[in-house]
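Each chain is listed here by its residues.
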Amino acid sequence: MTIYSLYIYDRHCACVYYQDWHRTKQPKRAGEGGGILNAVSQAVSPLAADNAAPTSSAFSSPRNTLSSTSGLVVAVGEVPVTPLPNPAEHARSNTLPFDEEAKLVYGVVLSLRNMVKKISGRDEQFTSYRTSSYRLHLYETVSGYKFVMLSDAATDGLRFVLRQIYNGPFVEYVVRNPLVPMDSRSQGIDNDYFRASIDRLVRGLSVFN
């Protein structure tokens, strides 16, 4: 049994926080203008232009055939070396951008939640569903925030864990933190203390491997 990831959505249907642990495929960074808020997670936020990978320079290699100062030819006829593909980057390229993934997760939750209410009545609550490979757990607060956790299919219900996250780290480091703008529609709720507190709580669970 293990835990894969955690999503938190605000009352405006926007993903305001994300954290993962045992994902086999890491999410691809959201694209520029993809609709993801700032301060959701550094791992999935769009890369800034000044943080992009530097391009290769003509004078970056000690085996360069030209000297940048003298202009003399040092060696000729060298075959350019093609860098080997990075398996991690290749696997990530086959996954959805995070902004699309977050919308799909919320869409599934909203659809199943509405279906349960229409079929079973207003007193019935949608709390989780299971597939052959994973289980989704949902905890919704009175204020409209939705805590969604993905685990392996064999894990029992984790709604109590999501309630602990809400009553503990969320209230302590988000609700009571004047520096965290809630319901801003432009900013997430990620901060170092909140992330570290959730990490300690999740890693301390018996189902965490």
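Caption draft 1: How the structure looks around the overall build of the protein chain. Each helix and strand in the protein chain was counted, giving four helices and five strands. Listing every helix and strand of the protein chain by position from the N terminus yields β-β-α-α-β-β-β-α-α. Contacts in the protein chain between residues at least 24 apart in sequence constitute 53% of all its contacts with a sequence separation of at least 6. For the protein chain, the accessible area works out to roughly 12800 Å², and carbon and sulfur atoms hold 54% of it.

Caption draft 2: The arrangement of the packing of aromatic side chains in detail. Tallied over the entire structure, the rule returns 16 aromatic pairs. Aromatic side chains Y9 and Y106 sit 5.0 Å apart centroid to centroid with 50° between the ring planes, which places their arrangement in the tilted category. Residue Y9 is found in strand β1 (residues 3–9), and its partner Y106 is found in helix α2 (residues 98–120); the two are separated by 97 residues along the sequence. An identical accessibility class is assigned to Y9 and Y106; each is buried. The interplanar angle of 65° and the centroid separation of 6.3 Å between the aromatic rings of F170 and F194 together place this pair among those described as edge-to-face. Here F170, found in helix α3 (residues 159–175), pairs with F194, found in helix α4 (residues 192–203); they are 24 residues apart in sequence, far enough to count as distant. The pair formed by F170 and F194 is uniform in burial state, with each residue classed as buried. Ring-pair connections join several aromatic residues into one group, and the members of that group are Y17, Y139, Y145, F147, Y166, F170 and F194.

Caption draft 3: Up close: the environment of R135. Take R135: it is sitting in strand β4 (residues 135–140). Considering only alpha carbons, one finds R135 and M149, 14 residues apart in sequence, at a separation of 8.3 Å. Residue contacts for R135: discarding those within four places in its chain leaves S128, Y129, R130, M149, L150, S151, D152, A153, T155, D156 and G157. In terms of polar contacts, R135 uses its side chain to reach the side chain of S128, at 3.1 Å. Within polar-contact distance, the side chain of R135 engages the backbone oxygen of T155 at 3.1 Å.

The rules behind the values
Residues numbered from 1 in each chain as written. Predicted model: local features only at pLDDT ≥ 70, side-chain atom pairs only at ≥ 80, totals over all residues. Heavy atoms only, no water. Helix = DSSP H or I, 4+ residues; strand = E, 2+ residues; numbered from the N terminus. Contact = heavy atoms within 4.5 Å. Areas by Shrake-Rupley, 256 points an atom, 1.4 Å probe, with all protein chains shown as cover. Phe/Tyr/Trp six-rings, centres within 6.5 Å; stacked < 30°, edge-to-face > 60°. Buried < 20%, exposed > 50% of the residue type's maximum accessible area, 1.4 Å probe, protein only. Polar contact = N/O pair within 3.5 Å; in protein donor to acceptor, adjacent residues only side chain to side chain.

Purely geometric stuff here, so don't read any function into it on its own.
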